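Here is what each chain is made of, one letter per residue.
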Amino acid sequence: MCGLAALVGEHPISAAALAAMLDLIRHRGPDDEGWAAFDGNDLSAAWGGGTDTPVACYSATLPYAPVSGAALPPDARAALGHRRLSILDVSPSGHQPMSYRDGRYWIVFNGEIYNHIELRRELESSGHRFVSRSDTEVILAAYSEWGEACLGRLEGMFAFVLVDRLEAAVFVARDRFGIKPLYYWVTPDRTVAFASEIKQFSALPGWRAVLNGQRAYDFLAWGILDHTDETMFKGVHQLRPGASVRLELKRPLDVEPGGRLALREWYRLAGSHFEGSLEDAAARFKERFHASVSDHLRADVPLGSCLSGGLDSSSIVCAMNDLLRQDGVQERQHAFSSCSAIPRF
């Protein structure tokens with residue numbers, strides 16, 4: 001699952017606040033934790049770990065290996081924090097925050113890029129070299145090669161915050177359909193805080209939980225949610241699905257009235273015309289469905305499924321079974337169902 005936190009401001013970042021934001025999402029990533037911060041003058045970086053950082057990470061010969069005893073620069077204007085649930089490259093090489101190109105780029109990332117193997121091959125043919133087997137490093141290399149256009153090449157679910165030290169910019173993006181959460185809130189001192197869960201903002205000075213009455217009404221009266229960038233908390237926004245934002249660290253932060261950021265829509269679902277019979281459509285759907293499930297099977301840890309017994313989850317489990325059998329896997333799948341002891345449920 002993983003979880004992230006990021007602070008970008010016009011005033012020094014609080015180390016205690018960042019640590020508290022990470023502690024509130026320990027359940028999202030108990031395998032590892034880390035942070036990186038950037039000085040407001042020359043964007044020099046400092047990085048370290050925490051109580052859940054494995055000892056092996058500190059001793060790893062990696063350019064982003066956490067430094068024992070490191071502290072946030074007193075004039076830090078940006079900071080990244082991460083809690084890791086290890087899925088791909090479970091070794092210390094998958095530690096985050098991760099850097100690339102001699103520390104020019106730094107990232108915290110929640111999600112999975114399913115076509116990371118294909119992208120890695122393409123990037124290696126262009127001269128990129130990798131020190132890990134993680135999809136996180138593939139995002140960094142892709143951004144280095146294609147800039148913001150890399151988003152259109154990423155197939156998967158993701159939310160990430162990336163710092164470009166050379167251009168003094170922070171780039172934040174969310175996947176096409178908003179599978180991975182990413183919220184932001186602007187503090188009273190104009191620090192922009194990004195988080196995987198809204199409750200992380202309660203660790204920041206100036207936080208006060210205020211109900212967003214209109215959004216609560218929309219949900220209670222119509223059962224709709226996530227139809228705008230607003231949340232149930234007044235002043236807290238979500239980065240919309242298929243959206244990104246860029247913040248310049250050498251300029252005053254561009255914050256719109258109401259605490260909104262000027263987002264760019266990088267993806268919008270477009271329809272396409274299909275000609276053929278129902279059988280043709282079914283065959284094409286089955287081909288795409290199995291290809292998607294196959295991509296989701298890429299992991300360095302045991303796989304499982306949530307099985308409700310409905311059409312969607314049953315189809316996924318059956319497709320997984322077929323694909324795993326083709327690969328010679330004979331063990332039974334791990335399928336999990338939620339059952340209620342209350343008879344009427």
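Data block above holds the structure.
Note that this is a predicted model, so its numbers are computed, not measured.

1. Regarding a nonpolar patch on the surface
Then comes step 1: Residues Phe177, Ile179 and Leu269 make up a contiguous nonpolar surface patch of roughly 350 Å² in combined accessible area.
Then comes step 2: Residue placement: phenylalanine 177 occurs in the loop between strand E8 (169-174) and strand E9 (183-186).
Then comes step 3: On the basis of relative accessibility, which here comes to 52%, the residue phenylalanine 177 falls in the exposed class.

2. Thoughts on the nonpolar core
Then comes step 1: Membership of the largest hydrophobic core comes to 56 residues, with the highest contact counts inside it found for Phe160, Val161, Phe194 and Leu247.
Then comes step 2: Judged by nonpolar contacts, the second largest core, of 20 residues, contains Leu7, Ala76, Ile198 and Val236.

3. Observations regarding the sheet that holds strand E1 (residues 3-8)
Strand pairing within a sheet occurs via backbone hydrogen bonds; the two strands may be parallel or antiparallel.
Then comes step 1: With antiparallel pairing, seven strands are arranged side by side in an open sheet as E3-E2-E4-E1-E10-E9-E11. Each having just a single partner strand, strand E3 (45-48) and strand E11 (237-238) make up the two edges of the open sheet.
Then comes step 2: Pairing between strand E2 (residues 32-39) and E3: four bridges, direction antiparallel. Residue alanine 36 lies in a different strand from E3, and its bridge partner there is tryptophan 47.
Then comes step 3: Here helix H1 (residues 15-23) sits on the sheet in contact with E1, E2, strand E4 (76-84) and strand E10 (192-195), set at roughly 20° to E4.

4. Here we look at the pairing of strand E6 (residues 105-113)
Then comes step 1: Burial analysis of E6 places eight of its nine residues in the buried class, which makes it a mostly covered element.
Then comes step 2: Two strands pair when backbone bridges link them, and strand E5 (residues 98-100) and E6 are joined in this way by three bridges, in the antiparallel orientation. Residue pairing for E6: serine 99 is matched across the bridge by tryptophan 106.
Then comes step 3: Between the antiparallel neighbours E5 and E6 lie four residues, among them arginine 101 with a positive phi of about 55°.

5. Here we look at the pairing of E9
Then comes step 1: As defined by bridge partners, E9 adjoins E10 across four bridges and the pair is classed as antiparallel. Looking at E10, one finds that tyrosine 183 is bridged to alanine 195.
Then comes step 2: Hairpin remark: E9 followed by E10, antiparallel, with five residues in the connecting loop; positive phi at arginine 190, about 65°.
Then comes step 3: In this structure, E9 lies alongside E11, joined through two bridges in antiparallel fashion. Note on E11: the bridge partner recorded for tyrosine 183 is glutamine 238.

Cut-offs used in this document
- Residues numbered from 1 in each chain as written.
- Predicted model: local features only at pLDDT ≥ 70, side-chain atom pairs only at ≥ 80, totals over all residues.
- Heavy atoms only, no water.
- Patch = residues over 30% accessible without salt bridge, like charges linked within 9 Å, V, L, I, M, F, W, Y side chains within 5 Å.
- Areas by Shrake-Rupley, 256 points an atom, 1.4 Å probe, with all protein chains shown as cover.
- Salt bridge = Lys/Arg side-chain N within 4 Å of Asp/Glu carboxyl O.
- Helix = DSSP H or I, 4+ residues; strand = E, 2+ residues; numbered from the N terminus.
- Buried < 20%, exposed > 50% of the residue type's maximum accessible area, 1.4 Å probe, protein only.
- Core = buried A, V, L, I, M, F, W, Y, C linked by side-chain atoms within 4.5 Å.
- Pairing = 2+ DSSP bridges.
- Contact = heavy atoms within 4.5 Å.
- Axes fitted to C-alpha atoms, helices over the stretch in contact; angles between N-to-C directions.

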